[in-house]
Amino acid sequence: MSVESAIPAPATSGDPLRTPPLVRGAVPLLGHALHLVRDPLGFLAALRDHGDLVRIRLGPRTAYAVCDPELVGALLKDPEYIVGGPLWDTLEVLLGKGVATSNGKLHRRQRRMMQPAFRPERIAAYAKVMEEEARATAARWRPDETVDVGAEMFRTAVRIVSRSLLEVDSIGEKADRIADSLHTVFDGLYRRMVLSVGPLYRVPTPANRRFESALADLHALVDEIVAERRASGPGGPDDLLAELLRARDETGGPLTDQEIHDHVVSLVVAGAENVASTLAWTFHLMTEHPDQERRLVEEVNSVAPDRAITFADLKDLPHTRNVITEAMRIRPAAWIFTRRSVAETELGGYRIPADADIVYSVYAMQRDPRSFERHLEFDPDRWNPERAGDVPEFAMMPFSVGNRKCPGDHFSLAELALILGTVAPKWRLERVAETDTDTRIGITLHPKRLVLRARAR
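For clarity, every value in this text was computed on a predicted model and none was experimentally measured.

Draft legend 1. Representation of the overall build of the protein in the model. Scanning the protein for helices and strands turns up 16 helices and 14 strands. A globule of 457 residues ought to have a C-alpha radius of gyration of about 23 Å, and the protein, at 22 Å, matches this closely. Taking the principal axes of the C-alpha coordinates as reference, the protein spans close to 70 × 55 × 45 Å. Contacts in the protein between residues far apart in sequence, at least 24 positions, make up 72% of those at least 6 positions apart. Of the side chains in the protein, 60 bear a positive and 66 a negative charge, and the two mean positions are spaced by 2 Å.

Draft legend 2. Quick look at the sheet that holds strand β6 (residues 146-148). With antiparallel pairing, the three strands of this open sheet are ordered in space as β6-β14-β11. A single partner strand is all that each edge strand has here, and the edge strands are β6 and β11 (427-431). Averaged over all pairs of adjacent strands, the angle between strand axes in this sheet comes to 45°, irrespective of strand direction. Pairing of β11 with strand β14 (residues 451-456), which is carried by five bridges, proceeds in the antiparallel orientation. Following the sheet pairing, Arg431 is matched in β14 by Leu452. Sheet strands touched by helix α11 (residues 257-288): β11 and β14. Its angle to β11, the strand with the most contacts, is close to 80°.

Draft legend 3. How the structure looks around empty space enclosed by the protein. Scanning all chains against the criterion turns up five cavities of 30 Å³ or more. The volume enclosed by the largest cavity comes to roughly 960 Å³. Lining the largest cavity are 47 residues, with Ala270, Asn274, Ala334, Phe337 and Cys406 positioned closest to its centre. Elements with a minimum of two residues in the lining of the largest cavity: α4 (86-95), α5 (104-114), α7 (149-165), α11, β7 (336-341) and α16 (409-423). Broken down by element, the residue count for the lining of the largest cavity peaks at nine residues, all from α11.

Draft legend 4. Summary view of the packing of aromatic side chains. Applying the stated rule across the entire model yields five aromatic pairs. With a centroid separation of 6.3 Å and 85° between ring planes, the pair formed by Phe118 and Phe411 is classed as edge-to-face. Linking Phe118 in the loop between α5 and α6 (120-140) with Phe411 in helix α16, this pair joins segments that are 293 residues apart in sequence. Across this residue pair, the class does not change: Phe118 and Phe411 are buried. Ring geometry for Phe337 versus Tyr360: centroids 5.5 Å apart, planes at 20°, classification stacked. With a gap of 23 residues between them, Phe337 in strand β7 and Tyr360 in strand β10 (residues 357-361) connect regions that are remote in the sequence. These aromatic residues form a ring-pair network of at least three members: Phe118, Tyr126 and Phe411.

Draft legend 5. Looking closely at the pattern of salt bridges. Considering all chains together, one arrives at 30 salt bridges under this definition. Put simply, Glu132 and Arg163 hold a salt bridge, and the shortest N to O gap is 2.8 Å. Of this pair, Glu132 sits in helix α6 while Arg163 is found in helix α7, placing the two residues 31 residues apart along the sequence. A single salt-bridge network, built from bridges that share partners, covers Glu373, Arg374, Glu377, Asp379 and Arg387.

Draft legend 6. Layout of the packing of α7 against α16. At their nearest, the axes of α7 and α16 sit 12 Å apart, and the two run at 130° to each other. By the criterion of interaxial angle, the relationship of α7 to α16 is oblique. The way α7 lies across α16 gives a crossing that is right-handed. Only Phe411, Glu415 and Ile419 of α16 make contact with α7, whose side of the interface consists of Met153, Thr156, Ala157, Ile160, Val161, Ser164 and Leu165. When grouped by side-chain class, the residues that make up the contact of α7 with α16 number seven nonpolar, two polar and one charged.

Draft legend 7. How the structure looks around helix α12 (residues 290-303). Taking 1.5 Å as the rise per residue, α12 with 14 residues should run 20 Å; its terminal C-alpha atoms sit 20 Å apart, in good agreement. Turning to α12, its buried residues number three or more, namely Gln292, Glu293, Leu296, Val297, Glu299 and Val300. Mapping the buried residues of α12 onto a view down its axis gives an arc of 160°, with all of them on the same face. Counted as exposed and oriented over 90 degrees from the buried face of α12: Pro290 and Ser302.

Draft legend 8. Region of the structure containing the environment of Phe154. Locating Phe154 in the fold gives a position in helix α7. Accessibility expressed as a relative area gives 3% for Phe154, which makes it buried. Not counting the four nearest positions on each side in its chain, Phe154 is found in contact with Ala179, Leu182, His183, Ala272, Glu273 and Ala276.

Draft legend 9. Representation of the nonpolar core. Leu94, Phe118 and Tyr360 are the most contacted members of the largest nonpolar core, which has 117 residues in total. When residues of this core are assigned to their parent elements, the largest contribution, 14 residues, is made by α11. Look past the residues within four positions of Leu94 in its chain and what remains in contact with it is Val185, Phe186, Leu189, Leu215, Leu218, His219, Val265 and Val269.

Draft legend 10. Highlighting α5. Residues of α5 that are buried: His107, Arg109, Gln110, Arg111, Met113 and Met114. On its buried face, α5 sits against α10 (240-246) and α11.

Here is what the cut-offs are and how they apply
- Residues numbered from 1 in each chain as written.
- Predicted model: local features only at pLDDT ≥ 70, side-chain atom pairs only at ≥ 80, totals over all residues.
- Heavy atoms only, no water.
- Helix = DSSP H or I, 4+ residues; strand = E, 2+ residues; numbered from the N terminus.
- Rg over C-alpha atoms; globule rule 2.2 N^0.38 Å.
- Contact = heavy atoms within 4.5 Å.
- Lys, Arg positive; Asp, Glu negative; His and termini not counted.
- Charge placed at Lys NZ, Arg CZ, Asp CG, Glu CD.
- Pairing = 2+ DSSP bridges.
- Axes fitted to C-alpha atoms, helices over the stretch in contact; angles between N-to-C directions.
- 1 Å grid on protein atoms, 1.4 Å probe; cavity = no way out; pocket = protein on both sides within 12 Å on 5 of 7 lines; lining within 4 Å.
- Points joined across faces, edges and corners; volume = space filled by probe spheres on them.
- Phe/Tyr/Trp six-rings, centres within 6.5 Å; stacked < 30°, edge-to-face > 60°.
- Buried < 20%, exposed > 50% of the residue type's maximum accessible area, 1.4 Å probe, protein only.
- Salt bridge = Lys/Arg side-chain N within 4 Å of Asp/Glu carboxyl O.
- Parallel < 35°, antiparallel > 145°, perpendicular 65-115°, else oblique.
- Left-handed = near helix turned anticlockwise from the far one by under 90°.
- Nonpolar A, V, L, I, M, F, W, Y, C, P; charged D, E, K, R; others polar.
- Expected span 1.5 Å × (residues − 1).
- Arc of directions from axis to C-beta.
- Core = buried A, V, L, I, M, F, W, Y, C linked by side-chain atoms within 4.5 Å.

The following block contains the structure:
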């Protein structure tokens, strides 16, 4: 869709700071939220044509949309802007006050206490589970049968993050229940973010009842996992949950039970949803670009001709890494983020009032023709060393930057490469009539229905 011209706002007399222009097209009560429901990707991408920073209306509130990578980088590194706004207000019902949603001293304390779980040597240990689950996924499929690749990737990702970070005796069965609950919860979160009308979500409609039931089941499952580990006593697995249970802050104090719960939910959600979405889009892109698929399969087979790849092989798979990076660029999973200003401040010469909601979209930035040549073309070679330097700083940041950078980025990249590099050499995937690769809009982006036929190689 197109965005109507923005209305410029005059600077206050004697003050060099400007007020960002207000984008036209808001409707009574809802503001621009209707555009964010009907065509959010087109709406956010079109904002760049009207300025590096513009104002939009989300229900009763004004939000400030940042469209320039340099300004987004400044936003993310400035302590005057904290995690908050419509996205995080919505996600708090799911994530609580864990490391993803906390700020300031609490966030620094939480991050310090969980960081040891993601040291490089720990990633190598978790990779054993990644390898097992990747091989199990590839072994489940049958020649010439159709596969719901989106659902398969989601279940595989949930099992990997659960088995790697939360190992208890019942984790296999609980991982499948977590996957079912998360599917329902994520379906309901996006509309709650853009349509900030809280009372509507207390009406006992079937959709609201499904959401609340799935959310309650997810939280109960996490409590069961933590309780089961506590009951097992010392000498259990040395995983993320063990790190959280024994972690101590600078005063010698442990994490509270609620903090442990919230951290577990945050990491399972991020480790499952984002990885599954990225893999689904990557397999879809392989069906559209058979030359890139061929190069990837040839690379994997040259490194591991008679076996499935392992974590040790990943350093020898540059094209596989490039395919994943380019898939994350053109088809990001997490696509819209919000921040909130602590006090009145400025960004790019514009005045930002205190307690203002700030919105930016990595989807729009990573498809910006000002930053990427042939911006809509799937081109993994743009990440070769001789070309990657042409990409502006902050134009590509799938794991964010600064002190909010995802602590599990290396975990996720290893997982993505091991699953893709295990499945693709065994199966060539083809679209069938049931396939619908239109984008399903939610807190993350997925193909609507990625049903593909598996052909044995």
